[in-house]
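Descriptive analysis of the structure
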Amino acid sequence: MDNYRTHVEIDLGAIRRNAETIKASTRKRLIAVVKANAYGHGVVPVTKALQGIADMFAVATVEEGVELRQAGVQEPILVLFSSLPEQASLIVEPGLVPTISDWKFANRLNAIASDKISAHVNVNTGMNRYGVHWTEAAQFLNRLKTLDRLAVKGLFTHLATADETDKSYVFVQIERFASVLEELRNGGELVHAANSAATLAVPESHFDAVRPGLVLYGVYPVAERPIKLEPALTWKARIGWVGSLSEGEGVSYGLTYKAPHQTRVAMVQIGYGDGYPRALSNAGEVLIGGARRPIVGRVCMDVSIVRLESMDNVSVGDEVVLIGKQKDSEITVDAFAHRAGTISYEILTQIGTRVPRIFKHAYSNRKTR
Ligand SMILES: *Cc1c(COP(=O)(O)O)cnc(C)c1O
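All of these numbers come straight from a predicted model, not from anything done at the bench.

Definitions and cut-offs
- Residues numbered from 1 in each chain as written.
- Predicted model: local features only at pLDDT ≥ 70, side-chain atom pairs only at ≥ 80, totals over all residues.
- Heavy atoms only, no water.
- Near = heavy atom within 4 Å.
- Polar contact = N/O pair within 3.5 Å; in protein donor to acceptor, adjacent residues only side chain to side chain.
- Areas by Shrake-Rupley, 256 points an atom, 1.4 Å probe, with all protein chains shown as cover.
- Nonpolar A, V, L, I, M, F, W, Y, C, P; charged D, E, K, R; others polar.
- Buried < 20%, exposed > 50% of the residue type's maximum accessible area, 1.4 Å probe, protein only.
- Helix = DSSP H or I, 4+ residues; strand = E, 2+ residues; numbered from the N terminus.
- Arc of directions from axis to C-beta.
- Contact = heavy atoms within 4.5 Å.
- Pairing = 2+ DSSP bridges.

A short note on the site of the ligand
Around the ligand, 14 residues are found, and the nearest of them are Lys35, Tyr39, Ser196, Gly213 and Tyr345. At 2.8 Å, a side-chain N or O of arginine 211 approaches a nitrogen atom of the ligand. In this structure, an oxygen atom belonging to the ligand sits 2.8 Å away from a main-chain N or O atom of glycine 213. Here the ligand, which alone exposes 390 Å², has 95% of that area covered by the protein. Within the shell around the ligand, the residues separate by chemical class into 7 nonpolar, 4 polar and 3 charged.

Digging into helix H7 (residues 137-144)
Of the positions making up H7, those classed as buried are Ala137, Ala138, Phe140, Leu141 and Leu144. With its buried residues spanning 160° around the axis, H7 presents them on a single face. Taken together, the buried residues of H7 touch strand S5 (97-100), helix H6 (103-112), strand S6 (117-124), strand S7 (132-133), strand S8 (150-156) and helix H8 (168-184).

Side note on the pairing of strand S14 (residues 263-268)
Burial analysis of S14 places 5 of its 6 residues in the buried class, the great majority of the element. As judged from the 6 bridges shared by strand S11 (residues 233-245) and S14, these two strands associate in the antiparallel manner. What sits directly across from tryptophan 241, in S14, is methionine 267. As paired strands, S14 and strand S17 (residues 304-307) are joined by 4 bridges and run antiparallel to one another. Each bridged residue has a counterpart across the sheet, and for methionine 267 the counterpart in S17 is isoleucine 305.

Interpretation note: all reported values are geometric properties and have no functional meaning in isolation.
Pasting the structure below:
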(Lines give C-alpha, C1' and ligand atoms only; values in the text may rest on other atoms or scores of the structure.)
Protein backbone atom coordinates (compact mmCIF):
# COMPACT_ATOMS: atom_id res chain seq x y z
CA MET A 1 0.00 0.00 0.00
CA ASP A 2 0.96 3.59 -0.54
CA ASN A 3 1.74 5.92 2.33
CA TYR A 4 -0.57 8.82 1.52
CA ARG A 5 -3.40 9.96 3.79
CA THR A 6 -5.21 10.90 0.57
CA HIS A 7 -4.26 10.78 -3.09
CA VAL A 8 -5.76 10.62 -6.54
CA GLU A 9 -4.84 8.00 -9.10
CA ILE A 10 -4.89 9.11 -12.71
CA ASP A 11 -5.19 6.52 -15.43
CA LEU A 12 -3.36 8.15 -18.33
CA GLY A 13 -4.21 5.21 -20.58
CA ALA A 14 -7.92 5.93 -20.05
CA ILE A 15 -7.45 9.59 -21.03
CA ARG A 16 -5.59 8.55 -24.15
CA ARG A 17 -8.25 6.00 -25.08
CA ASN A 18 -11.01 8.56 -24.49
CA ALA A 19 -9.27 10.96 -26.87
CA GLU A 20 -8.88 8.21 -29.47
CA THR A 21 -12.55 7.30 -29.14
CA ILE A 22 -13.58 10.94 -29.59
CA LYS A 23 -11.41 11.34 -32.66
CA ALA A 24 -12.64 8.10 -34.18
CA SER A 25 -16.29 9.01 -33.65
CA THR A 26 -16.14 12.66 -34.78
CA ARG A 27 -13.51 12.21 -37.52
CA LYS A 28 -12.45 15.78 -36.83
CA ARG A 29 -9.34 17.34 -35.46
CA LEU A 30 -9.03 17.43 -31.68
CA ILE A 31 -8.25 20.52 -29.63
CA ALA A 32 -7.73 18.99 -26.19
CA VAL A 33 -8.73 21.35 -23.38
CA VAL A 34 -6.25 20.93 -20.52
CA LYS A 35 -6.96 24.15 -18.58
CA ALA A 36 -7.09 24.26 -14.77
CA ASN A 37 -4.39 21.61 -14.37
CA ALA A 38 -6.18 19.36 -16.86
CA TYR A 39 -9.39 19.56 -14.82
CA GLY A 40 -7.39 18.63 -11.73
CA HIS A 41 -5.78 15.59 -13.36
CA GLY A 42 -2.25 17.01 -13.69
CA VAL A 43 -1.56 19.04 -16.81
CA VAL A 44 1.92 17.96 -17.84
CA PRO A 45 1.44 14.16 -17.66
CA VAL A 46 -2.03 14.47 -19.23
CA THR A 47 -0.74 16.63 -22.08
CA LYS A 48 2.13 14.23 -22.73
CA ALA A 49 -0.28 11.29 -22.71
CA LEU A 50 -2.31 13.04 -25.42
CA GLN A 51 0.63 13.76 -27.71
CA GLY A 52 0.17 12.21 -31.12
CA ILE A 53 -3.63 12.27 -30.75
CA ALA A 54 -4.48 15.89 -29.93
CA ASP A 55 -3.81 18.26 -32.82
CA MET A 56 -3.73 21.24 -30.52
CA PHE A 57 -4.01 21.92 -26.80
CA ALA A 58 -6.15 24.64 -25.24
CA VAL A 59 -5.55 26.32 -21.90
CA ALA A 60 -7.40 29.16 -20.20
CA THR A 61 -4.55 31.44 -19.25
CA VAL A 62 -1.22 32.62 -20.56
CA GLU A 63 0.54 31.19 -17.49
CA GLU A 64 -0.91 27.75 -18.21
CA GLY A 65 0.42 27.95 -21.76
CA VAL A 66 3.88 28.99 -20.56
CA GLU A 67 3.94 26.03 -18.15
CA LEU A 68 3.32 23.61 -21.01
CA ARG A 69 6.01 25.18 -23.18
CA GLN A 70 8.45 24.98 -20.27
CA ALA A 71 7.59 21.27 -19.95
CA GLY A 72 8.70 20.82 -23.55
CA VAL A 73 5.29 20.63 -25.25
CA GLN A 74 5.81 21.63 -28.89
CA GLU A 75 2.28 21.32 -30.28
CA PRO A 76 0.22 24.48 -30.87
CA ILE A 77 -1.29 25.80 -27.63
CA LEU A 78 -4.40 27.96 -27.84
CA VAL A 79 -4.92 30.39 -24.96
CA LEU A 80 -8.70 30.66 -24.68
CA PHE A 81 -8.82 33.75 -22.49
CA SER A 82 -5.86 35.86 -23.55
CA SER A 83 -7.07 39.42 -23.56
CA LEU A 84 -4.80 41.64 -21.50
CA PRO A 85 -2.60 43.76 -23.75
CA GLU A 86 0.07 43.69 -21.00
CA GLN A 87 0.37 39.94 -21.50
CA ALA A 88 1.04 40.13 -25.22
CA SER A 89 4.78 39.53 -24.84
CA LEU A 90 4.16 36.47 -22.64
CA ILE A 91 2.22 35.02 -25.56
CA VAL A 92 4.52 35.97 -28.39
CA GLU A 93 7.77 34.83 -26.85
CA PRO A 94 6.83 31.14 -26.21
CA GLY A 95 4.81 31.04 -29.44
CA LEU A 96 1.38 30.51 -27.89
CA VAL A 97 -1.73 30.99 -30.02
CA PRO A 98 -3.76 33.87 -28.59
CA THR A 99 -7.51 34.26 -28.78
CA ILE A 100 -8.43 37.64 -30.18
CA SER A 101 -11.68 39.27 -29.27
CA ASP A 102 -10.85 42.95 -29.50
CA TRP A 103 -8.88 45.36 -31.61
CA LYS A 104 -6.67 46.78 -28.89
CA PHE A 105 -5.19 43.41 -27.99
CA ALA A 106 -4.73 42.47 -31.66
CA ASN A 107 -2.94 45.73 -32.31
CA ARG A 108 -0.65 45.22 -29.34
CA LEU A 109 0.29 41.71 -30.49
CA ASN A 110 1.04 43.01 -33.94
CA ALA A 111 3.16 45.81 -32.54
CA ILE A 112 5.48 43.61 -30.49
CA ALA A 113 5.81 40.64 -32.83
CA SER A 114 8.91 40.13 -34.91
CA ASP A 115 7.56 37.11 -36.84
CA LYS A 116 4.03 36.24 -37.89
CA ILE A 117 1.81 35.25 -34.96
CA SER A 118 -0.96 32.71 -35.44
CA ALA A 119 -4.14 33.67 -33.65
CA HIS A 120 -7.71 32.47 -33.33
CA VAL A 121 -10.68 34.83 -33.21
CA ASN A 122 -13.58 34.17 -30.86
CA VAL A 123 -16.97 35.04 -32.32
CA ASN A 124 -19.63 35.81 -29.74
CA THR A 125 -22.77 34.12 -31.01
CA GLY A 126 -24.71 34.34 -27.77
CA MET A 127 -22.66 33.05 -24.86
CA ASN A 128 -22.03 36.73 -24.21
CA ARG A 129 -18.98 36.45 -22.03
CA TYR A 130 -16.39 37.62 -24.60
CA GLY A 131 -15.65 37.59 -28.29
CA VAL A 132 -16.44 39.71 -31.33
CA HIS A 133 -20.17 40.05 -31.81
CA TRP A 134 -21.31 37.85 -34.69
CA THR A 135 -22.90 40.75 -36.55
CA GLU A 136 -19.54 42.57 -36.59
CA ALA A 137 -17.22 39.59 -36.98
CA ALA A 138 -16.73 39.65 -40.75
CA GLN A 139 -15.89 43.34 -40.71
CA PHE A 140 -13.53 42.83 -37.75
CA LEU A 141 -11.73 40.01 -39.53
CA ASN A 142 -11.22 42.18 -42.59
CA ARG A 143 -9.79 44.91 -40.43
CA LEU A 144 -7.39 42.38 -38.83
CA LYS A 145 -5.94 41.75 -42.29
CA THR A 146 -4.35 45.19 -42.10
CA LEU A 147 -2.16 43.94 -39.23
CA ASP A 148 0.67 42.40 -41.19
CA ARG A 149 2.23 40.31 -38.43
CA LEU A 150 -1.02 38.71 -37.36
CA ALA A 151 -2.31 35.59 -39.12
CA VAL A 152 -5.82 34.48 -38.19
CA LYS A 153 -5.59 30.69 -38.34
CA GLY A 154 -8.74 29.82 -36.48
CA LEU A 155 -12.29 30.97 -35.82
CA PHE A 156 -14.35 29.71 -32.97
CA THR A 157 -17.43 30.24 -30.89
CA HIS A 158 -18.63 28.81 -27.59
CA LEU A 159 -22.06 27.33 -26.92
CA ALA A 160 -24.04 28.35 -23.85
CA THR A 161 -26.57 25.53 -23.58
CA ALA A 162 -25.11 22.43 -25.24
CA ASP A 163 -25.49 20.46 -22.01
CA GLU A 164 -29.22 21.12 -21.76
CA THR A 165 -31.89 18.80 -23.11
CA ASP A 166 -33.45 21.58 -25.15
CA LYS A 167 -30.93 22.22 -27.92
CA SER A 168 -32.84 25.01 -29.67
CA TYR A 169 -30.50 27.84 -28.60
CA VAL A 170 -27.50 25.72 -29.66
CA PHE A 171 -28.89 25.81 -33.20
CA VAL A 172 -29.49 29.56 -32.98
CA GLN A 173 -25.80 29.98 -32.11
CA ILE A 174 -24.66 27.57 -34.84
CA GLU A 175 -26.70 29.50 -37.43
CA ARG A 176 -25.22 32.81 -36.36
CA PHE A 177 -21.74 31.31 -36.54
CA ALA A 178 -22.46 29.79 -39.95
CA SER A 179 -23.61 33.18 -41.23
CA VAL A 180 -20.23 34.67 -40.29
CA LEU A 181 -18.41 31.81 -42.05
CA GLU A 182 -20.62 32.32 -45.08
CA GLU A 183 -19.80 36.00 -45.22
CA LEU A 184 -16.05 35.34 -45.07
CA ARG A 185 -16.18 32.52 -47.55
CA ASN A 186 -12.39 32.44 -48.05
CA GLY A 187 -11.93 29.58 -45.62
CA GLY A 188 -8.58 28.23 -44.58
CA GLU A 189 -9.08 28.95 -40.90
CA LEU A 190 -9.63 26.11 -38.45
CA VAL A 191 -13.29 26.42 -37.43
CA HIS A 192 -14.38 25.02 -34.07
CA ALA A 193 -17.25 25.29 -31.61
CA ALA A 194 -17.95 22.02 -29.81
CA ASN A 195 -17.28 21.65 -26.09
CA SER A 196 -17.78 18.20 -24.53
CA ALA A 197 -21.58 18.32 -24.53
CA ALA A 198 -21.72 19.38 -28.18
CA THR A 199 -19.03 16.85 -29.11
CA LEU A 200 -21.32 14.12 -27.77
CA ALA A 201 -24.72 15.47 -28.69
CA VAL A 202 -24.55 17.99 -31.53
CA PRO A 203 -22.71 16.72 -34.64
CA GLU A 204 -23.74 19.92 -36.49
CA SER A 205 -21.35 21.82 -34.21
CA HIS A 206 -18.26 19.79 -35.07
CA PHE A 207 -16.99 21.94 -38.01
CA ASP A 208 -13.23 21.28 -38.53
CA ALA A 209 -12.29 20.45 -34.97
CA VAL A 210 -13.92 19.61 -31.65
CA ARG A 211 -12.74 21.35 -28.47
CA PRO A 212 -13.68 19.16 -25.50
CA GLY A 213 -12.31 19.07 -21.98
CA LEU A 214 -14.49 17.06 -19.60
CA VAL A 215 -15.04 14.02 -21.84
CA LEU A 216 -11.29 13.49 -22.21
CA TYR A 217 -11.29 12.68 -18.51
CA GLY A 218 -14.12 10.18 -18.96
CA VAL A 219 -16.92 12.25 -17.45
CA TYR A 220 -20.20 12.85 -19.29
CA PRO A 221 -21.73 16.35 -19.12
CA VAL A 222 -25.00 15.22 -20.74
CA ALA A 223 -27.42 12.32 -20.71
CA GLU A 224 -26.45 11.46 -24.31
CA ARG A 225 -23.82 8.71 -24.29
CA PRO A 226 -23.11 7.82 -27.91
CA ILE A 227 -19.57 6.71 -27.07
CA LYS A 228 -18.11 4.79 -24.18
CA LEU A 229 -15.71 6.78 -22.02
CA GLU A 230 -13.56 5.60 -19.14
CA PRO A 231 -13.30 7.72 -15.98
CA ALA A 232 -9.62 8.47 -15.40
CA LEU A 233 -9.61 9.62 -11.80
CA THR A 234 -9.96 7.71 -8.54
CA TRP A 235 -9.80 9.65 -5.27
CA LYS A 236 -8.80 7.74 -2.17
CA ALA A 237 -8.22 8.48 1.49
CA ARG A 238 -7.43 6.35 4.50
CA ILE A 239 -9.04 5.69 7.83
CA GLY A 240 -7.28 7.55 10.65
CA TRP A 241 -9.29 6.44 13.67
CA VAL A 242 -12.15 4.14 14.61
CA GLY A 243 -14.43 4.91 17.53
CA SER A 244 -17.98 4.79 18.76
CA LEU A 245 -20.71 7.13 19.91
CA SER A 246 -23.13 6.28 22.65
CA GLU A 247 -26.82 7.03 22.23
CA GLY A 248 -27.52 10.76 21.88
CA GLU A 249 -23.88 11.77 21.50
CA GLY A 250 -22.94 14.19 18.73
CA VAL A 251 -19.98 14.26 16.39
CA SER A 252 -17.70 16.88 14.78
CA TYR A 253 -18.07 20.71 14.90
CA GLY A 254 -21.48 21.81 16.04
CA LEU A 255 -22.44 18.22 16.89
CA THR A 256 -24.85 18.34 13.94
CA TYR A 257 -25.24 14.56 13.87
CA LYS A 258 -26.51 12.82 17.00
CA ALA A 259 -26.22 9.06 17.28
CA PRO A 260 -29.72 7.55 17.59
CA HIS A 261 -28.18 4.58 19.40
CA GLN A 262 -24.72 3.15 20.04
CA THR A 263 -22.94 3.80 16.73
CA ARG A 264 -19.51 2.93 15.38
CA VAL A 265 -17.79 5.66 13.42
CA ALA A 266 -14.51 6.08 11.58
CA MET A 267 -12.46 9.15 10.85
CA VAL A 268 -11.39 9.49 7.20
CA GLN A 269 -8.37 11.63 6.42
CA ILE A 270 -10.07 13.96 3.99
CA GLY A 271 -11.41 17.46 4.49
CA TYR A 272 -12.28 20.68 2.75
CA GLY A 273 -8.58 21.60 2.95
CA ASP A 274 -8.12 18.88 0.33
CA GLY A 275 -11.02 20.14 -1.78
CA TYR A 276 -13.55 17.70 -0.32
CA PRO A 277 -16.69 19.86 -0.30
CA ARG A 278 -17.98 21.00 3.08
CA ALA A 279 -21.40 20.77 1.46
CA LEU A 280 -21.07 16.99 1.94
CA SER A 281 -21.50 17.44 5.71
CA ASN A 282 -24.25 14.96 6.67
CA ALA A 283 -24.75 14.37 2.93
CA GLY A 284 -21.72 12.61 1.44
CA GLU A 285 -21.06 8.97 0.90
CA VAL A 286 -17.81 7.00 0.69
CA LEU A 287 -16.88 3.41 -0.12
CA ILE A 288 -15.31 1.26 2.59
CA GLY A 289 -14.75 -2.41 1.92
CA GLY A 290 -16.93 -2.05 -1.19
CA ALA A 291 -19.92 -0.72 0.83
CA ARG A 292 -21.44 2.77 0.83
CA ARG A 293 -21.15 4.54 4.17
CA PRO A 294 -22.49 8.03 4.96
CA ILE A 295 -20.60 11.09 6.15
CA VAL A 296 -21.98 12.13 9.53
CA GLY A 297 -21.52 15.56 11.05
CA ARG A 298 -19.61 18.41 9.48
CA VAL A 299 -16.73 17.91 7.09
CA CYS A 300 -13.68 19.48 8.78
CA MET A 301 -10.62 21.02 7.13
CA ASP A 302 -8.54 17.84 7.39
CA VAL A 303 -10.85 14.98 8.31
CA SER A 304 -14.42 13.74 8.08
CA ILE A 305 -16.41 11.15 10.00
CA VAL A 306 -18.35 8.25 8.52
CA ARG A 307 -20.92 6.02 10.16
CA LEU A 308 -20.08 2.32 10.14
CA GLU A 309 -22.40 -0.64 10.37
CA SER A 310 -21.91 -2.94 13.33
CA MET A 311 -20.60 -5.75 11.13
CA ASP A 312 -17.97 -3.56 9.40
CA ASN A 313 -14.48 -4.80 9.94
CA VAL A 314 -12.53 -1.55 9.68
CA SER A 315 -9.11 -0.58 11.00
CA VAL A 316 -6.80 2.41 10.89
CA GLY A 317 -5.05 2.61 7.52
CA ASP A 318 -7.86 1.00 5.51
CA GLU A 319 -8.55 2.42 2.09
CA VAL A 320 -11.62 4.61 1.52
CA VAL A 321 -12.76 5.50 -1.98
CA LEU A 322 -14.27 8.97 -2.35
CA ILE A 323 -14.61 8.95 -6.16
CA GLY A 324 -14.20 5.83 -8.25
CA LYS A 325 -14.63 2.08 -7.86
CA GLN A 326 -14.09 -0.24 -4.96
CA LYS A 327 -15.04 -3.90 -5.37
CA ASP A 328 -18.49 -3.85 -7.04
CA SER A 329 -19.43 -0.32 -5.99
CA GLU A 330 -18.74 2.97 -7.69
CA ILE A 331 -19.13 6.65 -6.85
CA THR A 332 -19.04 8.61 -10.09
CA VAL A 333 -17.86 12.22 -10.21
CA ASP A 334 -21.33 13.08 -11.40
CA ALA A 335 -23.10 11.47 -8.44
CA PHE A 336 -20.58 13.01 -6.04
CA ALA A 337 -21.12 16.48 -7.52
CA HIS A 338 -24.88 16.05 -7.37
CA ARG A 339 -24.75 15.30 -3.64
CA ALA A 340 -22.55 18.35 -3.11
CA GLY A 341 -25.00 20.52 -5.03
CA THR A 342 -22.57 21.36 -7.82
CA ILE A 343 -21.20 20.05 -11.14
CA SER A 344 -18.38 17.61 -11.86
CA TYR A 345 -16.23 20.41 -13.32
CA GLU A 346 -16.11 22.15 -9.96
CA ILE A 347 -15.38 18.98 -7.98
CA LEU A 348 -12.47 17.97 -10.24
CA THR A 349 -10.86 21.40 -10.35
CA GLN A 350 -11.17 21.87 -6.58
CA ILE A 351 -9.19 18.76 -5.65
CA GLY A 352 -6.45 20.46 -3.67
CA THR A 353 -2.73 20.80 -4.15
CA ARG A 354 -2.37 18.87 -0.87
CA VAL A 355 -3.60 15.76 -2.70
CA PRO A 356 -0.78 14.01 -4.60
CA ARG A 357 -1.56 12.83 -8.12
CA ILE A 358 -0.26 9.34 -8.81
CA PHE A 359 -0.09 8.44 -12.48
CA LYS A 360 -0.65 4.89 -13.51
CA HIS A 361 -0.73 2.83 -16.67
CA ALA A 362 1.90 3.08 -19.25
CA TYR A 363 0.78 3.97 -22.74
CA SER A 364 2.56 4.08 -26.00
CA ASN A 365 2.61 7.52 -27.53
CA ARG A 366 3.76 6.52 -30.92
CA LYS A 367 1.58 8.32 -33.47
CA THR A 368 -1.69 6.54 -34.04
CA ARG A 369 -2.70 8.41 -37.15
C1 LIG B 1 -13.59 25.11 -20.89
C2 LIG B 1 -13.85 25.37 -22.31
C3 LIG B 1 -14.06 24.30 -23.21
C4 LIG B 1 -14.18 22.86 -22.76
O5 LIG B 1 -15.41 22.66 -22.10
P6 LIG B 1 -15.92 21.19 -21.71
O7 LIG B 1 -17.33 21.37 -21.34
O8 LIG B 1 -15.06 20.75 -20.58
O9 LIG B 1 -15.72 20.33 -22.88
C10 LIG B 1 -14.16 24.59 -24.56
N11 LIG B 1 -14.12 25.88 -25.00
C12 LIG B 1 -13.98 26.93 -24.17
C13 LIG B 1 -13.94 28.31 -24.71
C14 LIG B 1 -13.86 26.71 -22.79
O15 LIG B 1 -13.74 27.75 -21.97
